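Secondary and tertiary structure notes
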Amino acid sequence: MCGAELKPLPEGVQRVAAVLQALGHPHRPQMLDDAARTAQQAADALGIAVGQIAKSIIFRRKSDDAAVLVVTSGDRRVDEKKVQAHVGGKIGRADADFVKSRTGFSIGGVSPVAHATPPVTLIDQDLLRFDEVWAAAGHPHGVFALHPSDLPRLTGAPMVDVVQAPAPVQEVLVS
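Now for a look at the structure at hand. What you see is a predicted model, and the numbers here were worked out from it, not measured in a lab. (Residues numbered from 1 in each chain as written. Predicted model: local features only at pLDDT ≥ 70, side-chain atom pairs only at ≥ 80, totals over all residues. Heavy atoms only, no water.)

1. Some thoughts on the pattern of salt bridges
Enumeration according to the criterion identifies 10 salt bridges in this entry. The residue Asp-75 makes a salt bridge to Arg-76 at a minimum N-O spacing of 3.5 Å. With a closest N to O distance of 3.0 Å, Glu-80 and Arg-93 form a salt bridge. Taken as a pair, Glu-80 in helix α3 (residues 80–87) and Arg-93 in strand β4 (residues 91–93) lie far apart in primary sequence, 13 residues in all. In the salt-bridge network here, residues are joined through shared partners; they are Asp-75, Arg-76, Asp-126 and Arg-129. (Salt bridge = Lys/Arg side-chain N within 4 Å of Asp/Glu carboxyl O. Helix = DSSP H or I, 4+ residues; strand = E, 2+ residues; numbered from the N terminus.)

As structure tokens, this is what we get:
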């Protein structure tokens, strides 16, 4: 035993673990050695494609100051107009203080579950192209595995189209 097993999980990861356990999710959060504040960092740490990171992005709905959580694939960009159409109003970027106060998590560790104040949540259907994805677990070092179809059950949110169309792949002819 090296002693690392005895170190308590950060409070945010404990909240996520409790919600996952209560909902019968089979995978517990794991702590990475290095921070995974971006989708690319998380993918590198896990040895997976960046698209397999279920990144959580918080927006601020302007009409009522509600937090709007969009969970999408790490290799896609959110289409804010599509999100606005689903949430019934204009959205704006959320700063670190807004994210922390509404979710209870710091940017880079926002989980799709266990928020301090339940957000308006949308799950991008493009995640379904993967058999397994990884989401933040309440801390920049914490992650957990899941099947994309678990997200609606875990969050109560719909799966919808909220991303920009991927850039077409350019073919290069070699003669």
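Having seen the model, we can carry on.
2. A closer look at the environment of Arg-15
Take Arg-15: it is sitting in helix α1 (residues 11–22). Owing to a relative accessible area of 23%, Arg-15 belongs among the partly exposed residues under this scheme. Through-space distance from the C-alpha of Arg-15 to that of Gly-138 is 7.7 Å; in sequence the pair is 123 residues apart. Contacts of Arg-15, omitting those with residues within four sequence positions, involve Thr-103, Gly-104, Phe-105, Ala-114 and Ala-116. (Buried < 20%, exposed > 50% of the residue type's maximum accessible area, 1.4 Å probe, protein only. Contact = heavy atoms within 4.5 Å.)

3. So, helix α4 (residues 96–103)
Listing the buried residues of α4 in full gives Phe-98, Val-99 and Thr-103. Taken end-on, α4 shows its buried residues confined to a sector of 100°, consistent with a single buried face. Looking at the packing, one finds that the buried side of α4 touches α1, β2 (53–61) and β3 (67–73). (Arc of directions from axis to C-beta.)

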